[in-house]
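Remarks on the overall topology
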Amino acid sequence: MFEKILIANRGEIALRVIRAAREMGIKSVAVHSTADADAMHVRMADESVCIGPAPSSESYLSKAAIISACEITGAQAVHPGYGFLSENASFAQALEDHGITFIGPSAEHIRIMGDKITAKVTAKDLGIPVVPGSDGGVPDFETAIGVAASIGFPVIIKATAGGGGRGMKVAQNAEELEIAFRTARSEAKNAFGNDEVYIEKYLQKPRHIEIQVFGDGKGNAVHLGERDCSLQRRHQKVFEEAPGPAITPKMRAEIGKVCADAVAKINYIGAGTVEFLYEDGKFYFIEMNTRLQVEHPVTEYIFGVDLVREQIRVAAGLPMSFRQDELEINGHAIEVRINAEKIPGFTPSPGRVRMFHAPGGFGVRMDSALYSGYSMIGKLIVHGRDRPEALARLKRALGELIIDGVESSVPLFHMLLAEPDIQAGDYNIHWLEKWLARQFG
Ligand code: MV4
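What you see is a predicted model, and the numbers here were worked out from it, not measured in a lab. (Residues numbered from 1 in each chain as written. Predicted model: local features only at pLDDT ≥ 70, side-chain atom pairs only at ≥ 80, totals over all residues. Heavy atoms only, no water.)

Points about the sheet that holds strand 8 (residues 197–201)
Overall, antiparallel pairing links the three strands, which are arranged 7-6-8 in an open sheet. Every other strand in the sheet has two partners, leaving strand 7 (166–171) and strand 8 as the edge strands with one partner each. Averaged over all neighbouring strand pairs, the angle between strand axes comes to 25 degrees, with direction disregarded. Sitting on the sheet, helix 7 (residues 141–151) is in contact with strand 6 (155–163) and strand 8, with an inclination near 15 degrees to strand 8. (Pairing = 2+ DSSP bridges. Helix = DSSP H or I, 4+ residues; strand = E, 2+ residues; numbered from the N terminus. Axes fitted to C-alpha atoms, helices over the stretch in contact; angles between N-to-C directions. Contact = heavy atoms within 4.5 Å.)

Details of the side chain of Gln212
Position of Gln212 relative to the elements: it lies in strand 9 (residues 207–216). Take Gln212: its relative accessible area is 1%, and that puts it in the buried class. Among the polar contacts listed, one links the side chain of Gln212 to the side chain of Arg227, at a separation of 2.8 Å. (Buried < 20%, exposed > 50% of the residue type's maximum accessible area, 1.4 Å probe, protein only. Polar contact = N/O pair within 3.5 Å; in protein donor to acceptor, adjacent residues only side chain to side chain.)

Structural notes on the site of the ligand
Residues in close proximity to the ligand total 18 residues, the closest being Lys158, Glu200, Lys201, Leu203 and Glu287. A distance of 2.7 Å is found between a nitrogen atom of the ligand and a backbone nitrogen or oxygen belonging to Lys201. Here a nitrogen atom of the ligand and a backbone polar atom of Leu203 are 2.9 Å apart. Burial of the ligand by the protein chains amounts to 92% of its free accessible area of 520 Å². Looking at the shell around the ligand, the elements with two or more residues in it are strand 6, strand 8, strand 12 (269–279) and strand 13 (282–289). For the shell around the ligand, the per-class residue count stands at eight nonpolar, five polar and five charged. Each of domain 2 (132–201) and domain 3 (207–440) contributes no fewer than three residues to the shell around the ligand. (Near = heavy atom within 4 Å. Areas by Shrake-Rupley, 256 points an atom, 1.4 Å probe, with all protein chains shown as cover. Nonpolar A, V, L, I, M, F, W, Y, C, P; charged D, E, K, R; others polar. Domains from an automatic or database assignment.)

Remarks on helix 7
Along helix 7, the residues classified as buried are Phe141, Ala144, Val147, Ala148 and Ile151. Seen end-on, helix 7 carries its buried residues on one side only, within an arc spanning 115 degrees. Those residues of helix 7 that are exposed and aimed more than 90 degrees away from the buried face are Glu142, Ala149 and Ser150. (Arc of directions from axis to C-beta.)

Regarding the packing of aromatic side chains
In the structure shown here, the tally under the stated rule is seven aromatic pairs. Ring geometry for Tyr60 against Phe84: centres 5.2 Å apart, planes inclined by 25 degrees, an arrangement best described as stacked. Note that Tyr60 is positioned in the loop between strand 3 (47–52) and helix 3 (63–73) and Phe84 in the loop between strand 4 (77–79) and helix 4 (89–97), a separation of 24 residues in sequence. Given the relative accessible area of 27%, Phe84 is considered partly exposed. (Phe/Tyr/Trp six-rings, centres within 6.5 Å; stacked < 30°, edge-to-face > 60°.)

A word on the nonpolar core
Ranked by size, the top nonpolar core spans 42 residues in total, and within it Ile5, Phe214, Val222, Leu224, Val305, Ile312 and Leu327 carry the most contacts. Breaking this core down by element, the ones donating at least two residues are strand 1 (4–7), helix 1 (11–23), strand 10 (221–233), strand 12, helix 10 (296–303), helix 11 (307–315) and strand 19 (376–384). For this core, the element with the most residues is helix 1, which contributes seven residues. Per-domain counts for this core show at least three residues from each of domain 1 (4–86) and domain 3 (207–440). In contact with Leu224, other than residues within four places in its own chain, are Gln212, Phe214, Thr299, Phe303, Val305, Leu307 and Leu327. (Core = buried A, V, L, I, M, F, W, Y, C linked by side-chain atoms within 4.5 Å.)

Remarks on the environment of Lys250
Within the fold, Lys250 resides in helix 9 (residues 249–265). Among the residues examined, Lys250 registers a relative accessible area of 62% and is labelled exposed. Note: C-alpha distance between Lys250 and Asn190 (60 residues apart in sequence) is 44 Å.

Considering the pattern of salt bridges
If the charged atoms of two oppositely charged side chains come close together, the side chains can form a pair. Scanning the model with the defined rule gives 34 salt bridges in all. Among the salt bridges present, the one from Arg182 reaches Glu178, with a minimum N-O distance of 3.1 Å. Residue Arg182 and its partner Glu178 are located together in helix 8 (residues 174–192), separated by four residues, close to a single helical turn. When salt bridges with common partners are traced through the structure, they connect Glu210, Arg227, Lys237, Glu240, Glu295, Glu335 and Arg337 into a single cluster. (Salt bridge = Lys/Arg side-chain N within 4 Å of Asp/Glu carboxyl O.)

Examining the environment of Val298
Structurally, Val298 can be placed in helix 10. When its relative accessible area of 0% is taken as the criterion, Val298 is described as buried. Once the C-alpha coordinates of Val298 and Val382 are considered, the two residues, 84 residues apart in sequence, prove to be 7.9 Å apart.

Considerations on the domain arrangement of the protein
You'll often see interface size given as the accessible area lost when the parts meet. On domain assignment, one finds that the protein holds domain 1 (4–86), domain 2 (132–201) and domain 3 (207–440). Placing a centre on the C-alpha atoms of domain 1 and another on those of domain 2 gives a separation of 39 Å.

A short note on the pairing of strand 1
By the alternation rule, side chains of strand 1 split into Lys4 and Leu6 and Ile5 and Ile7, which are all buried. Read as a crossover between parallel neighbours, the route from strand 1 over helix 1 to strand 2 (residues 27–33) is right-handed. Inspection of the sheet shows strand 1 paired to strand 4 by three bridges, in the parallel sense. Among the inter-strand pairings, Ile5 is bridged to a residue of strand 4, identified as Ala77. (Right-handed = clockwise from strand over helix to strand, strands pointing away.)

Some remarks on the packing of helix 12 (residues 387–400) against helix 13 (residues 410–417)
Contact pair helix 12 / helix 13: the axes reach a minimum separation of 10 Å and the direction vectors enclose 150 degrees. Classified by the angle their axes make, helix 12 and helix 13 are roughly antiparallel. Pair helix 12 / helix 13 crosses with left-handed handedness. Here Leu391, Leu394, Lys395, Leu398 and Gly399 of helix 12 lie close against helix 13, whose contacting residues are Val410, Phe413, His414 and Leu417. Of the residues belonging to the contact of helix 12 with helix 13, the class tally is six nonpolar, two polar and one charged. (Parallel < 35°, antiparallel > 145°, perpendicular 65-115°, else oblique. Left-handed = near helix turned anticlockwise from the far one by under 90°.)

So, the side chain of Ser368
In this structure, Ser368 sits in strand 18 (residues 364–368). According to the relative accessible area criterion, Ser368 is buried, its value standing at 18%.

Laid out in structure tokens, this is it:
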């Protein structure tokens, strides 16, 4: 096992990793910019290194500075958290070249999944159901029309280098397709420096269901069920839950096995998330994330598994500490992201948090690290024996939360919890934005 690891991140996720390392008897090294010298992750870690000035491009995104910090401190491995360099294949490769372990998948797997067409082709080859579409880049409008004719309208045009909702255009008919195709290409060129696009059947009212997978890099892999992350605003997740209210045990076992078998086959190592759109009882692959996700705690709660601990174990060459047949769902968990923003506009609420009181008690976890210039105050995660208990616990915990000095999204969650559709688990990817438009106009 590693004696010391470096955490190439800040905020709540840095604390999350430092805590897991400490429980494993591993020393932690925090890195920080000059602006973060007093941040909580710096205080909580065993050691810290200043890696650059405030702009993240010169600190948290500086591969050279992070590798130097490993060499100075003797850290044997790097946990990237989420965001920053967590899905940067050349960073994973650079670490390997310096004899430092990247706590995450191989550079090759990160690269494959970072290119959305290659990801989809790979997923399809591995037996994962995908959205019907172009099976590759669409070079010109004539080809686009041909694809649309075979799959039928509406269609969606996506940028190969996109992801997370950036650079997508929907077309209802051939006329719209002409405009959408040209716009999508030029926007992709501008945003990503790559104008390649692909086409899919547009699903009209799906849920966003993501399957948590975990591999040991030696051909063994498991799944840890799904999370329903359909409640989003402008592609930002707001509320996530596990298990998904629409997913039956049979469906979970089926799609879970498909995903676990797929990642086992490629010797995937560590945590991964296979993202699907789910409509009318069917799953359609859209993307795979090769990192630990913000919403991983809901999965941890229902399976009683520490995913960061497992990431560190497999990175050190140890086996996972559970087999598929030992993984059983216990109850229900919900996460809400508490942001420093004004409701209804979702505009940033600047200022200093003057008082902060995190809720606690049975089945309540708040992962936070107050951080200036960062909109997420923290994640509130609750666990109950069933969904109604988790909802009641969430309401109770939100009532205990005190944030003074800035406005937060807490009032939004009180309103959401009063909604019959939310209580029933009856929502899809468009529910939140439609509801917001109805509530606030
Ligand atoms: C789609 C889709 C409908 N049909 N693909 C948005 C984020 C990116 N990961 C994929 N996205 C979508 N892809 C097809 N073929 C609708 C969306 C989408 C969406 C997906 C998940 C969660 C929220 C969303 C909001 C708008 C659109």
